[in-house]
Amino acid sequence: MEPNGRAPSRLAFVAIGSIAAAMLAAAVALGLRVTGNDAVVLPGGATYTEAVAGTWQRVNPLFVNANEVDADLSALVFSGLVRVSKDGKVIPDLAAEMPEVSDGGATYTFRIRANARWHDGEPVTSRDVAYTVRLLQDPDFDDAAMAEGWNGVTVETPDLSTVVIRLRQPSAPFLARSATVGILPEHLLGGKGAQALESDTFNARPVGSGPYRLESLEAGSATLVANTSYYLGRPGIDRIVLKFYPDEPQAIRAFTAGETDGIYLRGPRTPAQLDEVRGVGGKTFTAAARPMLALLYLNNSNSLFRDERVRQALSLALDRDRLVEEVFHGVGRATASPVVPGTWAYAEEFDAKAQDLSRARQLLQEAGWQPHPTTGILVREGQEFRFTIRTDNAPERVALANAVAKQLEALGIRATVASTTFSVLRRDFLQERKYEAAVVMWDQGPDPDLYFGWHSSQLGAAGLNLANFEDAVVDDLIARGRTSTDPEVRQDAYRQLQDVWQGIQPSLVLAAAGAVVVHPSWLRDAEPGVLFTSASRFTDVHRWRR
């Protein structure tokens, strides 16, 4: 049974490349002043400045997947019907309360807050929601991952404050993955399709309904001022200034030179860079968790890994804390759970991440593997325990694969690392399941739904069940968590799933990657939670205070 539709490509295995400094539209933006409503910010109020790598292209919630700086700005300027809290729970945003759910979880009825206003003073209405959905469903809208959750969806607007969204079938992840999209103003953009909107001047002069409105937008910075009419209350920081730099090393130099109050680091960092950032006085350094799981995929159809005792042994052989320290330089979290630590569905008691070499050796012996008296390499029926770990050419993942291989040597297992371009890795090895083991990053996103990666319906070259894993109990728990709209039922399903996972280890979760957020010590109530996206660091930004 397929609980819901097709796999969104956003949840596919991803290769994290270096951050390129996108300069598109910078010349147009140079010196551009953007004005919104007549909100007044008192002179001398609190201002927070942050260094980020990259620059803006289109400040529009429909295009955030193409550029993380656009996502940052859109998170400050726009609002969705709901938003994701620091631990991944879905909470009301433009909607006055959580939606009414009917038709077995296929229909969601939202009621928009009476005090929700656009930055130009106009009320936010159901017409704005319907217009935004039409854009997402426009054949010319070219972000398949974002559009996926809206395929086949119908929207009804019985009045200006009510929105009824009908899905093709029940989908609990819809709220976190789709209903959080920023809503666009129909009264300013009505009649424009997705293709026209790509190059519209609105993308440089956006009008949203979020906690901040854009005051100025230039090639090197964006200045945002507090929305004094924000429906959740006036933000405590009067101005936020994002300063753009071509790459993270230059952003670090600017931050350490005192050009900004804070900094956000998305990409891989060297120990020297981290030490440089940590050395700045008067700052709060946070290694925030991300839903980016580092996995050692084990091809369950390979004779080496069919026995769950072997997979358990490999998991027990790993010192995940050491992997995080050596490879991620402490920016990440050791975990063996397929559910991201720090999220509402995570159960720490079922996260069997501790190393236990004695138990690992016992399991391998039970599975018939014995150390060769001369070489020490494990042997079973004349076959040595040797395999290849595939990965892409990213230095961080090559280092991770080599570190895993080195730790497995203690058990008498010999693993060789082979790297290639990500496109070749995906096409020739992962998609065709022609590999033994592979180190890959998996972006779990804001919802714990594991359907696309681990449900048996996703076996085969067209699916993302890369491990060739199949288990009826796991299928049932995934389906239950995916289709129920009762939070307690979902949480129970994921607790059971994590418990079952530790016993069968379909593949090995190694760690959750992280990102660095540095704030000035004077900034209060700004502690980041799980960074489901880079823009998640602005969750609850209206509550920040000096």
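A brief look at the structure comes next. (Residues numbered from 1 in each chain as written. Predicted model: local features only at pLDDT ≥ 70, side-chain atom pairs only at ≥ 80, totals over all residues. Heavy atoms only, no water.)

## As for the packing of aromatic side chains
Inference 1: Scanning all chains against the criterion turns up 16 aromatic pairs.
Inference 2: Summarising the aromatic geometry, the rings of tyrosine 297 and tryptophan 454 are spaced 5.7 Å apart at their centres and angled 20° between planes, so their arrangement reads as stacked. One end of the pair, tyrosine 297, is in strand 14 (residues 283-298); the other, tryptophan 454, is in helix 15 (residues 451-454), and 157 residues separate them in sequence.
Inference 3: Residue tyrosine 297 is classed as buried on the basis of its relative accessible area of 0%. (Phe/Tyr/Trp six-rings, centres within 6.5 Å; stacked < 30°, edge-to-face > 60°. Helix = DSSP H or I, 4+ residues; strand = E, 2+ residues; numbered from the N terminus. Buried < 20%, exposed > 50% of the residue type's maximum accessible area, 1.4 Å probe, protein only.)

## Examining the packing of helix 16 (residues 472-483) against helix 17 (residues 487-504)
Inference 1: Two elements in contact, helix 16 and helix 17, have axes separated by 8 Å at closest approach and are oriented at 155°. The orientation of helix 16 with respect to helix 17, classified from their angle, is roughly antiparallel. For the element pair helix 16 and helix 17, the recorded crossing hand is left-handed. Only Val489, Arg490, Asp492, Ala493, Tyr494, Gln496, Leu497, Val500 and Ile504 of helix 17 make contact with helix 16, whose side of the interface consists of Val473, Val474, Leu477, Ile478, Arg480, Gly481 and Arg482. (Axes fitted to C-alpha atoms, helices over the stretch in contact; angles between N-to-C directions. Parallel < 35°, antiparallel > 145°, perpendicular 65-115°, else oblique. Left-handed = near helix turned anticlockwise from the far one by under 90°. Contact = heavy atoms within 4.5 Å.)

## Quick look at helix 2 (residues 68-77)
Inference 1: In terms of burial, helix 2 is a largely internal element, 8 of the 10 residues being buried.
Inference 2: For helix 2, the complete set of buried residues consists of Val69, Asp70, Ala71, Asp72, Leu73, Ser74, Leu76 and Val77.
Inference 3: For helix 2, the N-terminal capping position is held by asparagine 67, with its side-chain oxygen 3.3 Å away from the main-chain nitrogen of valine 69. (Polar contact = N/O pair within 3.5 Å; in protein donor to acceptor, adjacent residues only side chain to side chain.)

## Considering the packing of helix 10 (residues 308-317) against helix 12 (residues 357-366)
Inference 1: Remark: helix 10 packs on helix 12, axes separated minimally by 8 Å, with the N-to-C direction vectors making an angle of 160°. Comparing the axis directions of helix 10 and helix 12 gives the class roughly antiparallel. Considering how the two elements wind past one another, helix 10 and helix 12 form a crossing that is left-handed. Residue-level inspection shows Arg309, Val310, Gln312, Ala313, Leu316 and Ala317 of helix 10 in contact with helix 12, the latter providing Leu357, Arg359, Ala360, Leu363, Leu364 and Glu366.
Inference 2: Along the lines of polarity and charge, the residues of the contact of helix 10 with helix 12 split into 8 nonpolar, 1 polar and 3 charged. (Nonpolar A, V, L, I, M, F, W, Y, C, P; charged D, E, K, R; others polar.)

## Details of the sheet that holds strand 9 (residues 162-166)
Inference 1: The strand order across the open sheet built from 4 strands is 6-7-9-8, with neighbouring strands paired in antiparallel fashion. Edge positions in the open sheet fall to strand 6 (100-102) and strand 8 (154-159), since each of these has one partner strand only. Taken pair by pair, the neighbouring strands of this sheet meet at an average axis angle of 20°, ignoring direction.
Inference 2: Two elements, strand 8 and strand 9, share 4 bridges in a ladder whose sense is antiparallel. Bridged to glutamate 156 within strand 9 is valine 164.
Inference 3: Together, strand 8 and strand 9 form the strand contacts of helix 3 (residues 126-137), whose direction differs from that of strand 8 by roughly 165°. (Pairing = 2+ DSSP bridges.)

## Quick look at the nonpolar core
Inference 1: Grouped together as the largest cluster of nonpolar side chains are 72 residues, with contacts concentrated most on Leu73, Phe110, Ile165, Leu184 and Ile240.
Inference 2: Discounting chain neighbours no more than four positions away, the residues touching isoleucine 240 are Tyr48, Leu76, Tyr212, Ala222, Thr223, Leu224 and Val541.
Inference 3: In this structure, Val327, Leu378, Ala403 and Ala511 belong to the second largest nonpolar core, which totals 42 residues. (Core = buried A, V, L, I, M, F, W, Y, C linked by side-chain atoms within 4.5 Å.)

## Brief notes about the sheet that holds strand 16 (residues 370-371)
Inference 1: Strand order in the open sheet formed by 3 strands is 16-17-18, and the pairing between neighbours is antiparallel. Each edge of the open sheet is held by one strand with a lone partner, namely strand 16 and strand 18 (383-384).
Inference 2: Across 2 bridges, the pairing between strand 17 (residues 378-380) and strand 18 is antiparallel. Following the sheet pairing, arginine 380 is matched in strand 18 by glutamine 383.

The values reported here are purely geometric and, on their own, carry no functional implication.
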